[in-house]
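Each chain is listed here by its residues.
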Amino acid sequence: MTSLRSLSSARFVWGLWAVGCLMIAATSCVASDWPQWLGPGQTSEWVEEGVLDKFPEAGLNVQWRVPVGLGYSGPAVVGDRVFLTDYIRSEGAVANNPGARISLQGTERVLCFSAADGKLLWKQEYDRPYEISYPSGPRATPTVDGEMVYALGAEGDLLALKVADGSIVWKKQLQQEYAVKSPIWGYSAAPLVQGDRLYCMVGGKGQAIVAFDKKTGKELWKAVDSQDAGYAMPTIIEAAGVSQLIVWAPETIQGLNPENGEVYWTQPLKPDYGMSIMVPRYFNGALFASGIGNVGKLFRLGTDRPSAEIVWAGDVKSAVYCANSTPVIHEGIIYGCDCRSGALVAVEMKDGQRLWESFAPTTGERRAGHGTAFLVRHEDRYFLFSETGELILAKLSREGYVEISRARLLEPTNEAFNRPVVWTHPAFADKSVFARNDKELVRASLAK
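Here the structure is a predicted model, which means the values were calculated and not measured.

(A) Region of the structure containing the overall build of the protein chain. Across its full length, the protein chain holds 2 helices and 35 strands. For a compact globule of 448 residues, the expected C-alpha radius of gyration is about 22 Å, and the protein chain comes in at 20 Å, within 12% of that figure. A principal-axis box enclosing the C-alpha atoms of the protein chain has dimensions of 50 × 50 × 45 Å. Counting the 448 residues in the protein chain, one finds 65% classified as buried. Just so you have it, the protein chain exposes about 16,400 Å², and 48% of that area is on carbon and sulfur atoms. Across the protein chain, the mean location of the 45 positive side-chain charges is 1 Å away from that of the 50 negative side-chain charges.

Okay, here's the thing in C-alpha coordinates:
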(Lines give C-alpha, C1' and ligand atoms only; values in the text may rest on other atoms or scores of the structure.)
Protein backbone atom coordinates (compact mmCIF):
# COMPACT_ATOMS: atom_id res chain seq x y z
CA MET A 1 0.00 0.00 0.00
CA THR A 2 2.61 2.53 0.99
CA SER A 3 4.50 1.89 -2.24
CA LEU A 4 1.60 3.32 -4.24
CA ARG A 5 0.13 6.00 -2.05
CA SER A 6 1.15 8.38 0.66
CA LEU A 7 1.19 7.04 4.20
CA SER A 8 -1.90 8.99 5.15
CA SER A 9 -3.79 7.63 2.16
CA ALA A 10 -2.65 4.12 2.97
CA ARG A 11 -3.94 4.41 6.54
CA PHE A 12 -7.22 5.86 5.29
CA VAL A 13 -7.92 3.13 2.73
CA TRP A 14 -6.70 0.34 5.00
CA GLY A 15 -8.92 1.64 7.80
CA LEU A 16 -12.01 1.63 5.62
CA TRP A 17 -11.22 -1.84 4.34
CA ALA A 18 -10.66 -3.16 7.84
CA VAL A 19 -13.98 -1.75 9.02
CA GLY A 20 -15.67 -3.46 6.09
CA CYS A 21 -14.07 -6.74 7.10
CA LEU A 22 -15.51 -6.51 10.61
CA MET A 23 -18.99 -6.19 9.15
CA ILE A 24 -18.80 -9.38 7.11
CA ALA A 25 -21.11 -12.15 8.24
CA ALA A 26 -21.18 -14.76 5.49
CA THR A 27 -17.62 -14.48 4.25
CA SER A 28 -14.30 -14.13 6.01
CA CYS A 29 -12.03 -11.28 5.00
CA VAL A 30 -8.32 -11.44 5.70
CA ALA A 31 -5.22 -9.71 4.45
CA SER A 32 -4.61 -12.38 1.85
CA ASP A 33 -8.05 -11.99 0.19
CA TRP A 34 -8.31 -10.60 -3.33
CA PRO A 35 -11.78 -8.99 -3.33
CA GLN A 36 -11.62 -6.89 -6.50
CA TRP A 37 -9.66 -5.82 -9.57
CA LEU A 38 -6.03 -5.17 -8.54
CA GLY A 39 -6.60 -6.60 -5.06
CA PRO A 40 -7.26 -4.91 -1.71
CA GLY A 41 -7.32 -1.13 -2.07
CA GLN A 42 -6.53 -1.52 -5.82
CA THR A 43 -2.84 -1.46 -4.88
CA SER A 44 -1.57 -4.40 -6.97
CA GLU A 45 0.21 -5.53 -3.82
CA TRP A 46 -0.09 -8.96 -2.24
CA VAL A 47 0.47 -8.93 1.51
CA GLU A 48 0.95 -12.48 2.76
CA GLU A 49 3.73 -14.38 4.48
CA GLY A 50 4.99 -17.88 3.74
CA VAL A 51 5.23 -17.38 -0.02
CA LEU A 52 7.98 -19.16 -1.96
CA ASP A 53 11.15 -17.42 -3.12
CA LYS A 54 11.62 -19.51 -6.25
CA PHE A 55 9.43 -21.80 -8.33
CA PRO A 56 10.03 -25.58 -8.12
CA GLU A 57 12.05 -27.00 -11.02
CA ALA A 58 9.15 -29.33 -11.82
CA GLY A 59 6.77 -26.37 -12.14
CA LEU A 60 4.03 -25.01 -9.94
CA ASN A 61 1.94 -27.31 -7.77
CA VAL A 62 -1.49 -27.11 -9.42
CA GLN A 63 -4.18 -27.82 -6.83
CA TRP A 64 -7.13 -27.91 -9.20
CA ARG A 65 -8.39 -26.96 -12.65
CA VAL A 66 -12.06 -26.49 -13.56
CA PRO A 67 -13.69 -25.74 -16.93
CA VAL A 68 -15.06 -22.25 -17.60
CA GLY A 69 -16.23 -20.31 -20.64
CA LEU A 70 -14.97 -17.23 -22.48
CA GLY A 71 -13.80 -14.21 -20.54
CA TYR A 72 -11.20 -11.50 -20.01
CA SER A 73 -12.36 -10.94 -16.43
CA GLY A 74 -10.13 -12.06 -13.60
CA PRO A 75 -11.17 -13.98 -10.49
CA ALA A 76 -11.89 -12.47 -7.09
CA VAL A 77 -11.11 -14.54 -3.99
CA VAL A 78 -12.54 -13.94 -0.54
CA GLY A 79 -12.43 -16.48 2.27
CA ASP A 80 -13.21 -19.92 0.91
CA ARG A 81 -14.81 -18.72 -2.33
CA VAL A 82 -13.69 -17.77 -5.85
CA PHE A 83 -15.90 -15.57 -8.03
CA LEU A 84 -15.66 -15.35 -11.82
CA THR A 85 -17.72 -14.26 -14.82
CA ASP A 86 -17.75 -15.97 -18.22
CA TYR A 87 -19.69 -16.36 -21.47
CA ILE A 88 -21.08 -19.49 -23.12
CA ARG A 89 -21.44 -18.82 -26.85
CA SER A 90 -24.36 -20.44 -28.67
CA GLU A 91 -24.30 -18.69 -32.07
CA GLY A 92 -21.79 -16.64 -34.05
CA ALA A 93 -18.05 -16.86 -34.50
CA VAL A 94 -15.48 -15.05 -32.37
CA ALA A 95 -13.36 -12.78 -34.56
CA ASN A 96 -11.03 -10.19 -33.08
CA ASN A 97 -11.29 -7.14 -35.31
CA PRO A 98 -10.28 -4.07 -33.27
CA GLY A 99 -12.41 -1.75 -35.40
CA ALA A 100 -15.62 -3.75 -35.74
CA ARG A 101 -18.35 -5.00 -33.47
CA ILE A 102 -19.02 -8.74 -33.72
CA SER A 103 -22.43 -10.31 -33.10
CA LEU A 104 -22.70 -13.33 -30.81
CA GLN A 105 -25.57 -15.09 -29.08
CA GLY A 106 -24.99 -16.71 -25.75
CA THR A 107 -25.26 -16.75 -21.99
CA GLU A 108 -23.32 -14.56 -19.57
CA ARG A 109 -22.68 -16.11 -16.17
CA VAL A 110 -21.51 -15.27 -12.66
CA LEU A 111 -19.87 -18.30 -11.04
CA CYS A 112 -18.84 -19.14 -7.49
CA PHE A 113 -16.36 -21.94 -6.76
CA SER A 114 -14.93 -23.48 -3.64
CA ALA A 115 -11.39 -22.19 -3.18
CA ALA A 116 -10.41 -25.50 -1.59
CA ASP A 117 -11.27 -27.87 -4.44
CA GLY A 118 -12.77 -25.87 -7.31
CA LYS A 119 -16.27 -27.28 -6.84
CA LEU A 120 -18.98 -25.11 -8.38
CA LEU A 121 -21.10 -23.78 -5.50
CA TRP A 122 -23.56 -21.69 -7.49
CA LYS A 123 -24.09 -19.87 -10.75
CA GLN A 124 -26.28 -17.04 -11.96
CA GLU A 125 -26.82 -16.81 -15.72
CA TYR A 126 -28.83 -14.84 -18.25
CA ASP A 127 -29.17 -14.63 -22.02
CA ARG A 128 -27.02 -11.85 -23.41
CA PRO A 129 -26.40 -11.11 -27.11
CA TYR A 130 -23.03 -9.45 -27.74
CA GLU A 131 -22.36 -6.63 -30.18
CA ILE A 132 -18.80 -5.68 -29.27
CA SER A 133 -15.27 -5.92 -30.60
CA TYR A 134 -13.09 -8.69 -29.14
CA PRO A 135 -16.27 -10.48 -27.99
CA SER A 136 -14.66 -13.27 -25.93
CA GLY A 137 -16.66 -12.76 -22.78
CA PRO A 138 -17.04 -10.32 -19.88
CA ARG A 139 -14.18 -8.03 -18.90
CA ALA A 140 -14.79 -6.75 -15.38
CA THR A 141 -13.56 -8.66 -12.33
CA PRO A 142 -16.32 -9.17 -9.74
CA THR A 143 -16.18 -6.93 -6.67
CA VAL A 144 -16.83 -8.66 -3.34
CA ASP A 145 -18.06 -6.64 -0.36
CA GLY A 146 -19.23 -8.40 2.76
CA GLU A 147 -22.28 -10.54 2.02
CA MET A 148 -22.52 -9.23 -1.54
CA VAL A 149 -20.72 -9.70 -4.84
CA TYR A 150 -21.18 -7.22 -7.68
CA ALA A 151 -20.68 -8.22 -11.31
CA LEU A 152 -20.69 -6.12 -14.48
CA GLY A 153 -21.17 -7.82 -17.85
CA ALA A 154 -19.69 -6.78 -21.17
CA GLU A 155 -22.97 -5.27 -22.38
CA GLY A 156 -23.78 -3.44 -19.15
CA ASP A 157 -25.65 -5.96 -17.00
CA LEU A 158 -24.94 -4.87 -13.42
CA LEU A 159 -25.87 -7.51 -10.84
CA ALA A 160 -25.80 -7.42 -7.04
CA LEU A 161 -25.77 -11.00 -5.76
CA LYS A 162 -25.65 -12.71 -2.40
CA VAL A 163 -22.31 -14.35 -1.74
CA ALA A 164 -24.04 -17.23 0.03
CA ASP A 165 -26.17 -18.53 -2.83
CA GLY A 166 -25.91 -16.21 -5.85
CA SER A 167 -29.48 -14.94 -5.55
CA ILE A 168 -30.09 -11.54 -7.13
CA VAL A 169 -30.66 -8.66 -4.71
CA TRP A 170 -30.91 -6.04 -7.44
CA LYS A 171 -29.87 -5.60 -11.05
CA LYS A 172 -29.67 -2.98 -13.78
CA GLN A 173 -29.18 -3.00 -17.53
CA LEU A 174 -27.07 0.12 -18.03
CA GLN A 175 -27.66 0.53 -21.77
CA GLN A 176 -31.42 0.44 -21.33
CA GLU A 177 -31.70 2.48 -18.15
CA TYR A 178 -29.31 5.22 -19.25
CA ALA A 179 -29.97 5.22 -23.01
CA VAL A 180 -26.35 4.60 -23.96
CA LYS A 181 -24.47 2.15 -26.14
CA SER A 182 -21.80 -0.12 -24.77
CA PRO A 183 -18.20 0.93 -25.50
CA ILE A 184 -16.90 -0.79 -28.63
CA TRP A 185 -14.73 -3.09 -26.49
CA GLY A 186 -17.46 -3.66 -23.93
CA TYR A 187 -18.03 -2.50 -20.36
CA SER A 188 -14.71 -3.17 -18.66
CA ALA A 189 -14.43 -0.95 -15.57
CA ALA A 190 -15.18 -3.08 -12.52
CA PRO A 191 -17.61 -1.59 -9.98
CA LEU A 192 -16.00 0.16 -7.02
CA VAL A 193 -17.59 -0.22 -3.59
CA GLN A 194 -16.77 2.26 -0.85
CA GLY A 195 -18.88 2.69 2.26
CA ASP A 196 -22.56 2.46 1.34
CA ARG A 197 -22.00 3.32 -2.31
CA LEU A 198 -21.23 1.47 -5.48
CA TYR A 199 -19.60 3.49 -8.27
CA CYS A 200 -19.95 2.40 -11.88
CA MET A 201 -18.76 3.89 -15.17
CA VAL A 202 -21.85 4.25 -17.39
CA GLY A 203 -21.19 6.86 -20.08
CA GLY A 204 -23.15 9.69 -21.65
CA LYS A 205 -23.82 13.35 -20.94
CA GLY A 206 -23.66 14.01 -17.22
CA GLN A 207 -23.43 10.31 -16.42
CA ALA A 208 -19.92 9.10 -17.14
CA ILE A 209 -20.03 7.80 -13.58
CA VAL A 210 -23.06 6.91 -11.49
CA ALA A 211 -23.21 6.25 -7.75
CA PHE A 212 -25.72 3.70 -6.48
CA ASP A 213 -26.82 2.61 -3.05
CA LYS A 214 -24.99 -0.70 -2.84
CA LYS A 215 -27.83 -2.37 -0.91
CA THR A 216 -30.78 -1.34 -3.09
CA GLY A 217 -29.35 -0.18 -6.42
CA LYS A 218 -31.02 3.22 -6.05
CA GLU A 219 -29.25 5.94 -8.01
CA LEU A 220 -27.69 8.48 -5.63
CA TRP A 221 -26.02 10.80 -8.10
CA LYS A 222 -24.41 10.95 -11.54
CA ALA A 223 -21.73 13.23 -12.95
CA VAL A 224 -19.26 14.07 -15.75
CA ASP A 225 -19.88 14.24 -19.49
CA SER A 226 -18.35 11.58 -21.72
CA GLN A 227 -19.12 9.97 -25.04
CA ASP A 228 -19.06 6.54 -23.46
CA ALA A 229 -17.95 4.81 -20.27
CA GLY A 230 -14.33 4.24 -21.19
CA TYR A 231 -12.59 1.28 -19.57
CA ALA A 232 -10.93 2.59 -16.39
CA MET A 233 -12.17 1.53 -12.96
CA PRO A 234 -12.65 4.54 -10.66
CA THR A 235 -10.52 4.79 -7.54
CA ILE A 236 -10.62 6.71 -4.26
CA ILE A 237 -7.63 8.56 -2.81
CA GLU A 238 -7.11 11.11 -0.07
CA ALA A 239 -5.58 14.47 -0.97
CA ALA A 240 -5.94 17.99 0.41
CA GLY A 241 -7.47 16.43 3.50
CA VAL A 242 -10.51 15.00 1.70
CA SER A 243 -11.50 11.83 -0.08
CA GLN A 244 -11.45 12.18 -3.86
CA LEU A 245 -13.09 9.84 -6.33
CA ILE A 246 -10.76 9.74 -9.33
CA VAL A 247 -12.64 9.21 -12.58
CA TRP A 248 -10.92 8.85 -15.94
CA ALA A 249 -13.54 9.15 -18.65
CA PRO A 250 -12.27 8.91 -22.24
CA GLU A 251 -11.81 12.68 -22.58
CA THR A 252 -10.94 13.99 -19.11
CA ILE A 253 -9.62 12.94 -15.74
CA GLN A 254 -11.12 14.47 -12.61
CA GLY A 255 -11.39 14.35 -8.86
CA LEU A 256 -14.93 14.24 -7.44
CA ASN A 257 -16.54 14.40 -4.05
CA PRO A 258 -17.57 10.74 -3.56
CA GLU A 259 -20.54 11.80 -1.43
CA ASN A 260 -22.38 13.86 -4.03
CA GLY A 261 -20.42 13.84 -7.32
CA GLU A 262 -19.27 17.45 -7.04
CA VAL A 263 -16.33 17.96 -9.41
CA TYR A 264 -13.34 19.25 -7.46
CA TRP A 265 -11.03 19.53 -10.47
CA THR A 266 -10.74 18.33 -14.05
CA GLN A 267 -7.91 18.01 -16.56
CA PRO A 268 -7.92 16.96 -20.24
CA LEU A 269 -6.47 13.51 -20.87
CA LYS A 270 -7.73 11.97 -24.10
CA PRO A 271 -6.03 8.79 -25.37
CA ASP A 272 -6.66 7.51 -28.87
CA TYR A 273 -9.87 5.53 -29.51
CA GLY A 274 -11.30 6.48 -26.11
CA MET A 275 -8.98 3.92 -24.48
CA SER A 276 -8.84 5.20 -20.91
CA ILE A 277 -8.02 1.84 -19.32
CA MET A 278 -5.47 1.87 -16.49
CA VAL A 279 -6.51 2.80 -12.98
CA PRO A 280 -4.86 6.19 -12.27
CA ARG A 281 -2.00 5.74 -9.80
CA TYR A 282 -1.50 8.02 -6.81
CA PHE A 283 1.91 8.28 -5.14
CA ASN A 284 3.42 10.94 -2.86
CA GLY A 285 0.91 13.64 -3.78
CA ALA A 286 1.03 13.00 -7.52
CA LEU A 287 -1.32 11.20 -9.90
CA PHE A 288 -0.23 9.37 -13.06
CA ALA A 289 -2.34 8.12 -15.96
CA SER A 290 -1.53 7.22 -19.56
CA GLY A 291 -2.91 5.54 -22.65
CA ILE A 292 -2.40 4.77 -26.30
CA GLY A 293 -1.27 7.60 -28.57
CA ASN A 294 1.60 8.77 -26.34
CA VAL A 295 -0.96 10.36 -24.02
CA GLY A 296 0.32 10.41 -20.47
CA LYS A 297 0.60 12.98 -17.70
CA LEU A 298 1.72 13.35 -14.12
CA PHE A 299 -0.40 15.71 -12.03
CA ARG A 300 0.55 17.31 -8.73
CA LEU A 301 -2.50 17.37 -6.48
CA GLY A 302 -3.14 20.35 -4.25
CA THR A 303 -2.53 20.14 -0.51
CA ASP A 304 -4.64 23.05 0.75
CA ARG A 305 -7.63 22.46 -1.53
CA PRO A 306 -8.60 19.78 -4.08
CA SER A 307 -6.87 20.69 -7.33
CA ALA A 308 -4.49 19.29 -9.96
CA GLU A 309 -1.77 20.81 -12.10
CA ILE A 310 0.42 19.18 -14.75
CA VAL A 311 3.96 18.31 -13.70
CA TRP A 312 4.90 16.78 -17.05
CA ALA A 313 3.34 15.35 -20.18
CA GLY A 314 4.96 12.41 -21.94
CA ASP A 315 6.22 12.36 -25.50
CA VAL A 316 7.45 9.73 -27.93
CA LYS A 317 10.71 9.27 -26.00
CA SER A 318 9.44 9.43 -22.43
CA ALA A 319 6.85 7.95 -20.06
CA VAL A 320 5.02 4.65 -20.52
CA TYR A 321 1.66 4.37 -22.23
CA CYS A 322 -0.42 1.68 -20.59
CA ALA A 323 -3.38 -0.26 -21.91
CA ASN A 324 -4.42 -3.72 -20.70
CA SER A 325 -2.53 -3.63 -17.43
CA THR A 326 -2.25 -0.97 -14.74
CA PRO A 327 1.31 0.07 -13.79
CA VAL A 328 2.84 -0.22 -10.34
CA ILE A 329 4.70 2.69 -8.71
CA HIS A 330 7.35 1.91 -6.12
CA GLU A 331 10.05 4.17 -4.70
CA GLY A 332 9.38 6.79 -7.34
CA ILE A 333 9.65 4.42 -10.33
CA ILE A 334 6.72 3.58 -12.62
CA TYR A 335 6.74 0.00 -13.94
CA GLY A 336 4.25 -0.55 -16.74
CA CYS A 337 3.63 -2.23 -20.08
CA ASP A 338 3.78 0.08 -23.08
CA CYS A 339 0.89 -0.48 -25.45
CA ARG A 340 2.75 0.49 -28.63
CA SER A 341 5.97 -1.45 -28.16
CA GLY A 342 4.69 -4.18 -25.87
CA ALA A 343 7.68 -3.86 -23.53
CA LEU A 344 7.75 -3.62 -19.76
CA VAL A 345 9.16 -0.15 -19.16
CA ALA A 346 10.62 1.52 -16.07
CA VAL A 347 10.10 5.28 -15.86
CA GLU A 348 11.36 7.92 -13.44
CA MET A 349 8.21 9.35 -11.95
CA LYS A 350 9.56 12.80 -11.21
CA ASP A 351 10.28 13.66 -14.85
CA GLY A 352 9.04 10.80 -17.07
CA GLN A 353 12.53 9.69 -18.10
CA ARG A 354 12.71 6.10 -19.31
CA LEU A 355 15.23 3.97 -17.45
CA TRP A 356 14.97 0.61 -19.22
CA GLU A 357 12.66 -1.73 -21.11
CA SER A 358 12.32 -5.50 -21.46
CA PHE A 359 10.18 -7.77 -23.61
CA ALA A 360 11.01 -10.85 -21.52
CA PRO A 361 7.93 -10.73 -19.27
CA THR A 362 5.46 -9.65 -21.97
CA THR A 363 5.83 -10.96 -25.51
CA GLY A 364 9.14 -12.79 -25.11
CA GLU A 365 11.95 -10.57 -26.42
CA ARG A 366 10.10 -9.16 -29.43
CA ARG A 367 8.21 -5.97 -30.17
CA ALA A 368 4.45 -6.45 -30.46
CA GLY A 369 1.56 -4.04 -29.92
CA HIS A 370 -0.25 -4.34 -26.60
CA GLY A 371 2.26 -6.78 -25.19
CA THR A 372 0.91 -7.50 -21.73
CA ALA A 373 1.99 -8.64 -18.30
CA PHE A 374 -0.04 -8.09 -15.14
CA LEU A 375 2.17 -6.87 -12.27
CA VAL A 376 1.65 -7.60 -8.59
CA ARG A 377 4.21 -6.62 -5.96
CA HIS A 378 5.01 -8.99 -3.10
CA GLU A 379 7.60 -7.86 -0.55
CA ASP A 380 10.77 -7.02 -2.54
CA ARG A 381 9.82 -8.78 -5.77
CA TYR A 382 7.03 -9.03 -8.32
CA PHE A 383 4.74 -11.67 -9.70
CA LEU A 384 4.06 -11.03 -13.39
CA PHE A 385 1.43 -12.97 -15.32
CA SER A 386 2.47 -12.84 -18.95
CA GLU A 387 0.17 -12.94 -21.96
CA THR A 388 2.07 -16.13 -22.86
CA GLY A 389 0.34 -17.89 -19.95
CA GLU A 390 3.47 -17.99 -17.82
CA LEU A 391 3.75 -16.79 -14.24
CA ILE A 392 7.04 -15.01 -13.64
CA LEU A 393 8.81 -14.11 -10.41
CA ALA A 394 11.22 -11.21 -10.84
CA LYS A 395 12.89 -8.27 -9.19
CA LEU A 396 12.32 -4.81 -10.65
CA SER A 397 14.48 -1.85 -9.75
CA ARG A 398 15.94 1.31 -11.17
CA GLU A 399 18.80 -0.80 -12.53
CA GLY A 400 16.72 -3.29 -14.49
CA TYR A 401 14.61 -6.44 -14.75
CA VAL A 402 16.03 -9.56 -13.07
CA GLU A 403 14.07 -12.75 -13.57
CA ILE A 404 14.08 -15.34 -10.77
CA SER A 405 11.66 -18.00 -12.04
CA ARG A 406 8.95 -18.66 -14.56
CA ALA A 407 6.42 -21.46 -14.96
CA ARG A 408 3.65 -22.30 -17.38
CA LEU A 409 0.28 -21.74 -15.73
CA LEU A 410 -2.22 -21.60 -18.61
CA GLU A 411 -2.30 -21.91 -22.37
CA PRO A 412 -3.03 -18.69 -24.26
CA THR A 413 -6.44 -19.50 -25.72
CA ASN A 414 -7.25 -16.10 -27.23
CA GLU A 415 -5.69 -14.16 -30.10
CA ALA A 416 -4.57 -10.57 -30.61
CA PHE A 417 -2.70 -9.11 -33.57
CA ASN A 418 -1.98 -12.60 -34.94
CA ARG A 419 -0.41 -13.99 -31.77
CA PRO A 420 -1.85 -16.22 -29.04
CA VAL A 421 -2.56 -14.41 -25.77
CA VAL A 422 -4.22 -14.76 -22.39
CA TRP A 423 -5.24 -11.31 -21.22
CA THR A 424 -6.68 -11.90 -17.75
CA HIS A 425 -5.47 -10.57 -14.40
CA PRO A 426 -4.89 -13.33 -11.81
CA ALA A 427 -5.79 -13.19 -8.12
CA PHE A 428 -3.34 -13.90 -5.30
CA ALA A 429 -4.78 -15.28 -2.07
CA ASP A 430 -4.25 -18.04 0.48
CA LYS A 431 -0.62 -18.54 -0.66
CA SER A 432 -1.87 -19.34 -4.16
CA VAL A 433 -2.43 -17.86 -7.58
CA PHE A 434 -5.85 -18.12 -9.24
CA ALA A 435 -5.93 -17.53 -13.00
CA ARG A 436 -8.18 -18.23 -15.98
CA ASN A 437 -8.19 -18.41 -19.75
CA ASP A 438 -11.14 -19.14 -22.08
CA LYS A 439 -11.28 -22.78 -21.08
CA GLU A 440 -10.33 -23.23 -17.45
CA LEU A 441 -9.79 -21.67 -14.05
CA VAL A 442 -6.73 -22.89 -12.17
CA ARG A 443 -5.38 -22.65 -8.65
CA ALA A 444 -1.65 -23.22 -8.08
CA SER A 445 0.18 -23.13 -4.76
CA LEU A 446 2.81 -20.46 -4.12
CA ALA A 447 3.46 -21.59 -0.55
CA LYS A 448 7.01 -22.16 0.65
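After that view of the structure, there is still more to cover.
(B) Representation of the pattern of salt bridges. One pass over the structure, following the stated rule, counts 20 salt bridges. Arg128 is the salt-bridge partner of Asp157, the closest N and O atoms lying 2.7 Å from each other. One end of the pair, Asp157, is in strand β9 (residues 157-162); the other, Arg128, is in the loop between β5 (120-127) and β6 (130-132), and 29 residues separate them in sequence. You can call Asp157 buried: its relative accessible area is 8%.

(C) Just the environment of Asp33, in detail. With respect to the helices and strands, the residue Asp33 is situated in the loop between α1 (7-22) and β1 (61-67). On the basis of relative accessible area, Asp33 is assigned to the buried category, the value being 3%. Taking C-alpha positions, Asp33 is 21 Å from Asp196, a pair spaced 163 residues apart along the chain. Polar side-chain contacts of Asp33 include one of 3.1 Å to the backbone nitrogen of Gly79.

(D) Quick look at the sheet that holds strand β20 (residues 286-291). Here we have 4 strands laid out as an open sheet, ordered β19-β20-β21-β22, and antiparallel in their pairing. Each of the sheet's edge strands pairs with one partner strand only, and the pair in question is β19 (281-283) and β22 (308-313). If you compare each strand with its neighbour and ignore which way they point, the axes differ by 25° on average. Where β19 meets β20, 3 bridges bridge the pair, whose relative direction is antiparallel. Each bridged residue has a counterpart across the sheet, and for Tyr282 the counterpart in β20 is Leu287.

(E) Structural context of the side chain of Gln267. Locating Gln267 in the fold gives a position in strand β18 (residues 263-268). Accessibility expressed as a relative area gives 14% for Gln267, which makes it buried. Among the polar contacts made by the side chain of Gln267, one reaches the main-chain carbonyl oxygen of Ala308 at a distance of 2.8 Å. Aside from chain neighbours lying at most four places away, what touches Gln267 is Thr252, Ile253, Phe299, Ala308, Glu309 and Ile310.

(F) Here's a closer look at the nonpolar core. With 73 residues, the main nonpolar core has Leu391, Leu409 and Leu446 as its most contacted residues. With 44 residues, the next largest nonpolar core counts Ile253, Tyr282, Phe288 and Ala319 among its residues.

(G) Expanded view of the sheet that holds strand β35 (residues 440-445). Read across the open sheet, the 4 strands follow the order β1-β35-β34-β33; overall the sheet is antiparallel. The sheet is open, and its two borders are formed by β1 and β33 (427-429), each paired with just one other strand. Between one strand axis and the next, the sheet turns by 20° as a mean value, whatever way the strands run. Relative to β35, β1 runs antiparallel, the two sharing 6 bridges. Bridge assignment links Asn61 to a residue of β35, and that residue is Ser445.

(H) Structural detail: the packing of aromatic side chains. Within the structure shown, the criterion is met by 17 aromatic pairs. Taken together, a centroid distance of 5.9 Å and an interplanar angle of 50° make the contact between Tyr199 and Trp221 tilted. Here Tyr199, found in strand β12 (residues 197-201), pairs with Trp221, found in strand β14 (residues 219-223); they are 22 residues apart in sequence, far enough to count as distant. A relative accessible area of 2% places Tyr199 in the buried class. Given the relative accessible area of 7%, Trp221 is considered buried. Their ring planes at 45° and their centres at 6.0 Å tell us that Phe288 and Trp312 sit as a pair that is tilted. Here Trp312 lies in strand β22 and Phe288 lies in strand β20, a separation of 24 residues in the sequence. Counting every residue linked through ring pairs, the aromatic cluster contains Trp34, Trp46, Phe55, Phe383 and Phe428.

About the cut-offs
Residues numbered from 1 in each chain as written. Predicted model: local features only at pLDDT ≥ 70, side-chain atom pairs only at ≥ 80, totals over all residues. Heavy atoms only, no water. Helix = DSSP H or I, 4+ residues; strand = E, 2+ residues; numbered from the N terminus. Rg over C-alpha atoms; globule rule 2.2 N^0.38 Å. Buried < 20%, exposed > 50% of the residue type's maximum accessible area, 1.4 Å probe, protein only. Areas by Shrake-Rupley, 256 points an atom, 1.4 Å probe, with all protein chains shown as cover. Lys, Arg positive; Asp, Glu negative; His and termini not counted. Charge placed at Lys NZ, Arg CZ, Asp CG, Glu CD. Salt bridge = Lys/Arg side-chain N within 4 Å of Asp/Glu carboxyl O. Polar contact = N/O pair within 3.5 Å; in protein donor to acceptor, adjacent residues only side chain to side chain. Pairing = 2+ DSSP bridges. Axes fitted to C-alpha atoms, helices over the stretch in contact; angles between N-to-C directions. Contact = heavy atoms within 4.5 Å. Core = buried A, V, L, I, M, F, W, Y, C linked by side-chain atoms within 4.5 Å. Phe/Tyr/Trp six-rings, centres within 6.5 Å; stacked < 30°, edge-to-face > 60°.

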